[in-house]
Amino acid sequence: MTRGFFYFRLTNNGNLVGEFFNDADTSIRTESADTINNENRFDNSYLSTWREGNTSEIVNLNIRISDSNRRVFDLVWFRNNEDIAIFRGQAIEIEENLLSGYYFAS
């Protein structure tokens, strides 16, 4: 199972820019996500992009405030047009507009 860590910074336009690494490849890589509904907050839906090896991944990303702890965000990455999660994670806002957490393959 792939496990890793990430951070996202929320831009003034409501998009996300960040970096991640995981136990499958310890190189630090970039990920960016464009807001789907133009709202400037983490709790949102995004179209996310990153590169692994020579291929690019474009997936949907949902970030929601956790039902069990209002200070925690639940993240789910899933392929476009599919409801099957490929990654799940949790994060906290460690400073204003900066989210950091972990993820794992579903």
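> What is the right way to read the side chain of S45 from this model?
Take S45: it is sitting in strand β4 (residues 44-52). Within the structure, the side chain of S45 is placed 3.0 Å from the side chain of N62, a separation counted as a polar contact. With sequence-adjacent residues up to four places away left out, S45 is seen in contact with D34, T35, I36, N37, L61, N62 and R64.

> What's the story with unusual backbone geometry in this structure? I'm lost.
Trans is the common state for peptide bonds, and a negative phi is the common state for residues other than glycine. You will see that N38, though not glycine, has its phi angle at about 55°, which is positive. You can call N38 exposed: its relative accessible area is 65%.

> How should a nonpolar patch on the surface be read in this particular structure?
A surface patch of nonpolar side chains, about 410 Å² in accessible area, is lined by F5, F21, I28 and Y102. Along the chain, the position of F5 falls in strand β1 (residues 3-10). By relative accessible area, which is 49% here, F5 ends up partly exposed.

> Can you help me understand empty space enclosed by the protein in this one?
Vacant regions in the atomic arrangement are exposed by a probe of water-molecule size rolled over the atoms. On inspection of all chains with the given rule, the structure shows one cavity of 30 Å³ or more. Space inside the largest cavity adds up to approximately 90 Å³. Lining the largest cavity are F6, F20, N22, E31, W50, E52, W77, F87 and Y103. Secondary-structure elements contributing two or more residues to the lining of the largest cavity are β2 (16-22) and β4.

> Explain the environment of N62 to me, please; I cannot follow it from the model alone.
For N62, the location among the structural elements is in strand β5 (residues 55-65). Its relative accessible area of 22% is what places N62 among the partly exposed residues. Sequence separation between N62 and R88 is 26 residues; the distance between their C-alpha atoms is 9.7 Å. Beyond its immediate chain neighbours, meaning those up to four positions away, N62 contacts N44, S45, D74, L75, V76 and F78.

Definitions and limits used
Residues numbered from 1 in each chain as written. Predicted model: local features only at pLDDT ≥ 70, side-chain atom pairs only at ≥ 80, totals over all residues. Heavy atoms only, no water. Helix = DSSP H or I, 4+ residues; strand = E, 2+ residues; numbered from the N terminus. Polar contact = N/O pair within 3.5 Å; in protein donor to acceptor, adjacent residues only side chain to side chain. Contact = heavy atoms within 4.5 Å. Buried < 20%, exposed > 50% of the residue type's maximum accessible area, 1.4 Å probe, protein only. Patch = residues over 30% accessible without salt bridge, like charges linked within 9 Å, V, L, I, M, F, W, Y side chains within 5 Å. Areas by Shrake-Rupley, 256 points an atom, 1.4 Å probe, with all protein chains shown as cover. Salt bridge = Lys/Arg side-chain N within 4 Å of Asp/Glu carboxyl O. 1 Å grid on protein atoms, 1.4 Å probe; cavity = no way out; pocket = protein on both sides within 12 Å on 5 of 7 lines; lining within 4 Å. Points joined across faces, edges and corners; volume = space filled by probe spheres on them.

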